Amino acid sequence: MAPLLPAGWSEQVDEAGTPFYISPDGQSQWEHPSSDSSALPSNDPPTVDEPLLPNPSHNPKRRQYAAAQAAYLSSNTNGPGGTFDSSSAAPVGDLAGSTFVPAYGGAAAAGAAPGYGYGDVKSAAGPGGDSGLAGQFGSMGLGGQKPAAGGFEGDLRYPYELVNLVGMQPDVPHLEDPPPAIRLPSNASVTSSPDAIADYSYMRSTLNAVPSTNSLLKSSKLPLGLVITPYRSLEEGDPEVPVIRDMVIARCRRCRAYIHPYVTFIEGGNRWKCTLCNLSNEVPQRFDWDQETNKPADRWQRAELNHSVVDFVAPSEYLVRSPAPPCYVFVIDVSETAVQTGMVATAARTILESLDRLPNEDGRTKVAIIAVDVALHFFSLPPGANDPTELVVSDLDDVFLPRPDDLLVSLVESRPALDKLLGSLSNLFKDTFTVGNALGAGLKAAYLLIGPIGGKIIVLNSSLPSVGPGALKNREDPTILGTSKESALLAAAIPFYKLLAIDCSKSQVAVDMFLLNSGYADVATLSALPKYTAGQTYFYPSFSATHTEDATKFAYELGDVLSHKIGLEAIIRVRASRGLRMKTFHGNFFIRSTDLLSIPVVPIDQSYSMEVQVEDDLTAPFVVFQTAVMHTTCFGERRLRVITLALPVTNNLVNLYASVDQTAIATLFACRAVDITTRSSLSDGRDHVTKSLVDILAAFKTATQVGGGGASTQLASPKNMRFLALLCLGLIRHVGLRESSQIPPDMRSYAQALLTTLPSQLLVPYLHPRFYALHTMPDDAGTIGEHGVILPEPMNLTSERLERHGLFIIEDGQNIFLWIGREAVPQLVQDVFDIPSYAELPGGKTTLPTLDNSFSQRVNAIINKTREMRRSPYRAHVYVVKEDGEPALRQWALSGLVEDRFDRTPSYSQYISTLRDKVNSISS
């Protein structure tokens with residue numbers, strides 16, 4: 001018989017039949033309060049509504065779960081039941097002394113600053129030190145660590161630094177620093193794993209603290225959004241995403257979210273509480289069982305409770321049909337232009353050399369080739385045959401497949417015929433005089449061929465489609481460039497390609513466009529196919545295979561795309577905690593329903609941006625966003641990539657500014673501007689960027705009263721937002737948006753396609769190029785260091801840094817400009833270019849030689865490292881730009897110097913002055 005309860009205590013039973021005890025002051029515990037010591041509540045007892053730690057004497061069916069949790073609690077500092085002291089923002093009790101704020105995307109750094117920012121607030125008293133800042137914050141009503149009235153426990157006024165943008169030269173070496181740390185309660189995660197916070201290269205938020213109400217978000221003028229890159233290329237040393245192969249997938253019964261590090265286990269571990277919708281769910285029976293050893297497993301070692309990015313191998317019920325094989329259909333333009341420029345020969349050779357790089361470990365991959373001019377040329381490749389058979393179809397209006405069974409063939413079984421076809425394709429059409437391109441009909445034929453299975457159509461095109469369905473006309477008009485009518489050239493001319501894209505998306509077919517036109521290509525119209533099928537557009541203006549650099553770039557990028565281990569039949573769904581809703585999506589996909597994005601083939605290094613709406617007041621201390629990508633691997637395995645991001649909730653306006661991820665905001669602004677440009681005008685797109693920035697800075701000034709309520713000579717910004725104006729200036733002067741009458745519409749359309757799809761880490765240099773001085777670089781630059789090739793220190797993008805005797809690099813991820821001054825010494829020219837003097841050095845596109853001298857080898861190492869670090873399929877051209885060389889090339893290179901005035905765009909200092917004046921006019 002159990003001993004009697006002390007006076008005032010009561011006994012209750014949870015849903016699993018386990019008794020617990022309520023003290024007179026309402027606190028609960030598992031232990032029976034039968035002794036004096038046990039009758040006293042612990043320092044941190046759970047309340048009735050909080051999760052209860054399991055009683056080891058109960059629930060034997062949980063397969064040693066209680067013992068595992070006890071062991072976990074004794075060895076981990078951040079497990080279930082941890083406490084959070086809001087006054088110090090640090091763990092108490094057993095957690096005292098531990099670092100509770102993980103560095104964003106990695107392990108916590110001991111001694112990290114207890115708030116947002118970069119942790120470099122000076123501690124010394126005096127100007128710029130803590131004392132000065134404390135006085136400044138105090139005068140603004142921002143000082144101290146006391147939670148705001150009505151705020152959440154732990155919702156602190158986060159310390160941050162203020163900077164005055166007026167007169168400040170951007171500290172560009174820190175432009176690509178990590179965003180502010182995500183500051184969650186110490187017990188938010190069920191494990192202490194540093195990987196519980198996902199690396200921001202997979203998913204990042206514009207705000208690393210979410211406003212508790214929509215009115216607070218509106219007051220801040222800040223956008224709340226996500227930038228997601230679910231599949232990014234990995235460099236050597238990057239951690240692999242853990243793969244969970246036991247097919248035990250715990251999902252919420254209501255919102256269908258997947259279990260993750262921020263759930264709560266209740267009822268002795270028998271159930272888990274969904275953080276997104278608060279529903280209690282049964283823990284799967286095999287969750288604590290190791291199927292390989294057939295023994296009980298430690299729950300706390302499961303990858304989904306330790307990592308915010310995981311891959312699940314899905315069971316058969318996740319398959320709609322049998323796994324389809326990877327299928328590739330190449331649609332190749334063989335008109336006279338394509339043959340004469342060398343595109344056909346280069347494409348055929350690259351495909352032939354890449355056949356062994358296609359994902360085909362299980363031997364299921366299928367391939368087809370369709371050539372197009374004014375007719376369709378199919379090639380029958382029956383298994384075992386050594387010679388292909390050409391079948392010509394001239395009926396473009398009613399496209400049909402002349403021999404359906406032998407056109408899309410097994411790469412393994414038909415390899416001899418396929419090799420012979422690709423080896424002779426250019427010779428087959430070498431004497432053609434056919435002018436015309438039935439690309440639309442070729443695409444319809446490819447869709448008929450691959451539609452029942454799904455896969456990828458790869459278009460290799462050199463001339464404007466001119467006959468049959470989808471025919472286009474040259475609408476390039478130099479007279480309207482730079483006017484309000486220019487935006488019409490950036491919208492699709494006809495709906496044919498978008499409608500075909502919708503059909504392709506429904507049939508799980510993606511399209512990649514390789515446009516190698518010598519003239520007008522109408523990128524705006526043709527890029528609709530990649531846009532709505534999750535493909536990508538690759539543009540090579542004025543392509544000629546006689547230029548080694550053109551052929552090398554095209555072959556590299558096509559080969560890289562073909563080598564990707566693609567995922568098939570993919571969908572993306574982003575879920576969020578109750579009260580939050582995804583409202584606007586940007587990127588290459590087709591929206592199947594309000595929150596379901598269709599991506600027939602999973603692309604690598606392509607991002608998706610979405611804006612989030614706060615629909616209801618948020619009352620929890622933190623919220624969770626979860627992205628799930630379901631796809632079939634090219635090896636026939638159904639998988640789920642789940643990315644989870646937890647963010648604290650705040651009702652403090654200043655906290656929002658202290659949590660801003662300026663790179664994510666710039667990414668979202670780029671997507672918005674491009675969308676406005678295609679719907680309205682280029683000027684409206686540019687104006688939206690500047691107006692949004694002004695509204696943010698004005699709202700910040702009003703919230704903090706920095707400089708008073710009227711006009712000010714300063715323009716205050718939190719330090720974590722100090723580069724936002726620079727990135728916005730880079731955006732409005734970018735070739736995709738810049739006001740100019742000299743930019744061809746194809747160049748604009750291609751740039752806009754990149755602006756809306758590049759991951760943030762690639763978009764930053766695309767907006768703000770890197771600028772190095774090579775002639776004065778340190779001795780170790782270009783040599784191998786601890787982390788690979790050492791790069792020079794990047795400089796501010798201003799022509800003031802250019803020297804007449806110097807050699808410089810300006811690179812944006814797409815192009816690398818080698819700027820050389822007119823007074824460069826002959827020895828430098830000889831060492832780098834193997835040319836005797838500057839006067840004899842040709843400008844333009846080049847392949848830099850690797851010479852037998854240290855300087856040449858270091859320069860080449862820097863260029864190769866620059867290409868490698870961009871982690872994308874793009875291979876940047878190298879251009880030699882002479883100070884007194886070709887004016888158009890000089891202007892192109894100088895357009896990357898963002899801090900200078902250029903064409904019709906202001907300099908950085910002028911832009912900051914304009915922003916200050918507009919902020920003053922709003923707040924006066």
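Residues numbered from 1 in each chain as written. Predicted model: local features only at pLDDT ≥ 70, side-chain atom pairs only at ≥ 80, totals over all residues. Heavy atoms only, no water.

Caption draft 1: Local environment of the overall build of the protein. For the protein, the count of helices and strands is 22 helices and 37 strands. The burial tally for the protein puts 59% of its 924 residues in the buried class. For the protein, the accessible area works out to roughly 35,800 Å², and carbon and sulfur atoms hold 50% of it. (Helix = DSSP H or I, 4+ residues; strand = E, 2+ residues; numbered from the N terminus. Buried < 20%, exposed > 50% of the residue type's maximum accessible area, 1.4 Å probe, protein only. Areas by Shrake-Rupley, 256 points an atom, 1.4 Å probe, with all protein chains shown as cover.)

Caption draft 2: Region of interest: the state of the cysteines. Under the defined criterion, the tally for this structure stands at zero disulfides. No disulfide involves Cys277; its sulfur sits 3.3 Å from that of Cys252, the nearest cysteine. On the basis of relative accessible area, Cys277 is assigned to the buried category, the value being 6%. (Disulfide = S-S within 2.5 Å.)

Caption draft 3: Structural context of the sheet that holds strand β11 (residues 280-282). Reading across the sheet, the three strands line up as β9-β10-β11 and stay open at both edges, with antiparallel pairing between neighbours. Strands at the two margins of the open sheet, each flanked by one partner only, are β9 (264-266) and β11. Strand after strand, the sheet turns through a mean of 35° between neighbouring axes, direction not considered. In the sheet, strand β10 (residues 271-273) pairs with β11 via three bridges, with the strands oriented antiparallel. Note on β11: the bridge partner recorded for Arg271 is Glu282. (Pairing = 2+ DSSP bridges. Axes fitted to C-alpha atoms, helices over the stretch in contact; angles between N-to-C directions.)

Caption draft 4: The sheet that holds strand β31 (residues 770-773), seen in detail. In space, the five strands of this open sheet follow the order β31-β34-β35-β37-β36, with mixed pairing throughout. The open sheet has two edge strands, β31 and β36 (844-846), and neither has a second partner. Sheet twist, expressed as the average angle between the axes of neighbouring strands with direction ignored, equals 25°. As judged from the four bridges shared by β31 and strand β34 (residues 807-811), these two strands associate in the antiparallel manner. Bridging across to β34, Tyr772 finds its partner in Ile809. Set on the sheet, helix α19 (residues 826-833) makes contact with β34, β35 (815-820) and β37 (877-882); between it and β35 the angle comes to about 155°. (Contact = heavy atoms within 4.5 Å.)

Caption draft 5: How the structure looks around the environment of Gln662. Tracing the sequence through the fold places Gln662 in helix α14 (residues 662-679). Residue class for Gln662 comes out buried when judged on its relative accessible area of 4%. Spatially, the C-alpha atoms of Gln662 and Arg722 are 8.2 Å apart, while their sequence positions differ by 60 residues.

Caption draft 6: Summary view of the nonpolar core. In terms of nonpolar packing, the biggest core is built from 222 residues, with Leu226, Phe265, Leu460, Phe514 and Phe625 touching the most fellow members. If sequence neighbours within four positions are ignored, Leu460 has contacts with Val331, Ile332, Asp333, Met343, Ala347, Ile351, Phe514, Phe554 and Leu558. Core analysis: the second largest hydrophobic core is formed by 24 residues, Met777, Val829, Leu848 and Val878 among them. (Core = buried A, V, L, I, M, F, W, Y, C linked by side-chain atoms within 4.5 Å.)

Caption draft 7: Quick peek at the packing of α14 against helix α18 (residues 760-767). One can describe the packing of α14 onto α18 by two numbers: an axis separation of 10 Å at closest approach and a directional angle of 75°. Taken together, the axes of α14 and α18 are roughly perpendicular relative to one another. Packed against α14, whose contacting residues are Thr663, Ala666, Thr667 and Ala670, the element α18 presents Ser760, Leu763 and Val764 at the interface. (Parallel < 35°, antiparallel > 145°, perpendicular 65-115°, else oblique.)

Caption draft 8: Region of the structure containing the packing of helix α8 (residues 439-450) against helix α9 (residues 496-506). One can describe the packing of α8 onto α9 by two numbers: an axis separation of 11 Å at closest approach and a directional angle of 10°. In terms of orientation, α8 and α9 fall into the roughly parallel class. Note on element contacts: α9 touches α8 through Phe496, Tyr497, Leu500, Asp503 and Cys504, opposite Gly440, Leu443, Lys444 and Tyr447. Here the residues of the contact of α8 with α9 sort into six nonpolar, one polar and two charged. (Nonpolar A, V, L, I, M, F, W, Y, C, P; charged D, E, K, R; others polar.)

Caption draft 9: Local environment of the packing of aromatic side chains. Counted by the stated rule, this structure contains 18 aromatic pairs. Between Phe543 and Phe554, the ring centres sit 5.7 Å apart and the planes meet at 75°, which makes this aromatic pair edge-to-face. Here the residue Phe543 occupies a position in the loop between β22 (537-539) and α12 (548-563), and Phe554 occupies one in helix α12, the gap between them amounting to eleven residues. Just as Phe543 is buried, Phe554 falls in that class too. For the ring pair Tyr657 and Phe700, a centre distance of 5.1 Å and an interplane angle of 75° mean the geometry is edge-to-face. Linking Tyr657 in helix α13 (residues 653-658) with Phe700 in helix α15 (residues 682-704), this pair joins segments that are 43 residues apart in sequence. Accessibility classification places Tyr657 together with Phe700 in one group, the buried group. These aromatic residues form a ring-pair network of at least three members: Phe514, Tyr538, Tyr540, Phe543, Phe554 and Tyr874. If you follow Arg299 out to its NZ or CZ, it ends over the ring of Phe265, 4.5 Å from the centre. The residue whose ring lies beneath Lys531 is Tyr532, and the NZ or CZ to ring-centre distance is 5.7 Å. (Phe/Tyr/Trp six-rings, centres within 6.5 Å; stacked < 30°, edge-to-face > 60°. Lys NZ or Arg CZ within 6 Å of the ring centre and 35° of its normal.)

Caption draft 10: Geometry of the environment of Ala209. Inspection of the secondary structure assignment puts Ala209 in the loop between β5 (203-205) and β6 (210-211). As a C-alpha pair, Ala209 and Arg183 span 26 residues in sequence and 8.0 Å in three-dimensional space.

Caption draft 11: Expanded view of the side chain of Thr627. By secondary structure assignment, the location of Thr627 is in strand β28 (residues 622-633). What makes Thr627 buried here is its relative accessible area of 0%. Those residues in contact with Thr627, other than ones at most four positions away along the chain, are Met203, Ile228, Ile572, Arg573, Val574, Arg641, Val642 and Ile643.

Caption draft 12: Here's a closer look at the pairing of strand β20 (residues 455-461). Burial within β20 is extensive, with seven of its seven residues counted as buried. Where strand β15 (residues 327-333) meets β20, five bridges bridge the pair, whose relative direction is parallel. What sits directly across from Val331, in β20, is Val459. Here seven bridges tie β20 to strand β21 (residues 509-515), and the two strands are oriented parallel to one another. By the bridge assignment for β21, Ile458 is matched with Asp512. Between the parallel pair β20 and β21, the chain is carried across by α9, and the sense of this crossover is right-handed. (Right-handed = clockwise from strand over helix to strand, strands pointing away.)

Caption draft 13: Spatial organisation of the pattern of salt bridges. Taken as a whole and assessed by the stated rule, the structure comprises 33 salt bridges. Between Asp356 and Arg415 there is a salt bridge, with its nearest N and O atoms 3.0 Å apart. One end of the pair, Asp356, is in the loop between α6 (343-354) and β16 (366-372); the other, Arg415, is in helix α7 (residues 415-428), and 59 residues separate them in sequence. Overall, the relative accessible area of 62% leaves Asp356 in the exposed class. The residue Asp675 makes a salt bridge to Arg679 at a minimum N-O spacing of 3.1 Å. Here Asp675 pairs with Arg679, and both are found in helix α14, just four residues apart, close to one helical turn. Through salt bridges with shared partners, a single ionic network connects Arg245, Asp311, Glu637, Arg639 and Arg641. (Salt bridge = Lys/Arg side-chain N within 4 Å of Asp/Glu carboxyl O.)

Caption draft 14: Fine view of unusual backbone geometry. One non-glycine residue, Asn278, adopts positive backbone phi at about 70°. If you trace the backbone, Asn278 turns up in the loop between β10 and β11. Unlike most non-glycine residues, Asp522 shows phi in positive territory, near 55°. Considering the arrangement of structural elements, one finds Asp522 in the loop between β21 and α10 (523-526). The exposure class of Asp522 is buried, given its relative accessible area of 0%.

Caption draft 15: Geometry of helix α22 (residues 908-923). Its 16 residues give α22 an end-to-end C-alpha distance of 22 Å, which sits within 8% of 22 Å, the value for a rise of 1.5 Å per residue. All of the buried residues in α22 are Tyr908, Tyr911, Ile912, Leu915, Arg916, Val919, Asn920 and Ser923. Looking at the buried side of α22, the elements it contacts are α15 and α16 (724-732). (Expected span 1.5 Å × (residues − 1).)

Caption draft 16: Layout of α7. Spanning 14 residues, α7 covers 19 Å between terminal C-alpha atoms, matching the ideal 20 Å at 1.5 Å per step. Helix geometry: α7 is bent most strongly at Leu422, by close to 35°. Taken residue by residue, α7 has Ala417, Leu418, Leu421, Leu422 and Leu425 as its buried positions. On the buried face of α7, the contacting elements are β15, α6, β16 and β17 (376-380). (Bend = angle between axes of the 7 residues up to and from the residue.)

Caption draft 17: A look at the environment of Pro530. Within the fold, Pro530 resides in helix α11 (residues 528-533). The exposure class of Pro530 is buried, given its relative accessible area of 1%. Separated by 223 residues in the primary sequence, Pro530 and Ala753 have C-alpha atoms spaced 9.6 Å apart. When neighbours within four sequence positions are excluded, Pro530 is seen to be in contact with Val511, Met513, Gly535, Gln536, Thr537 and Asn588.

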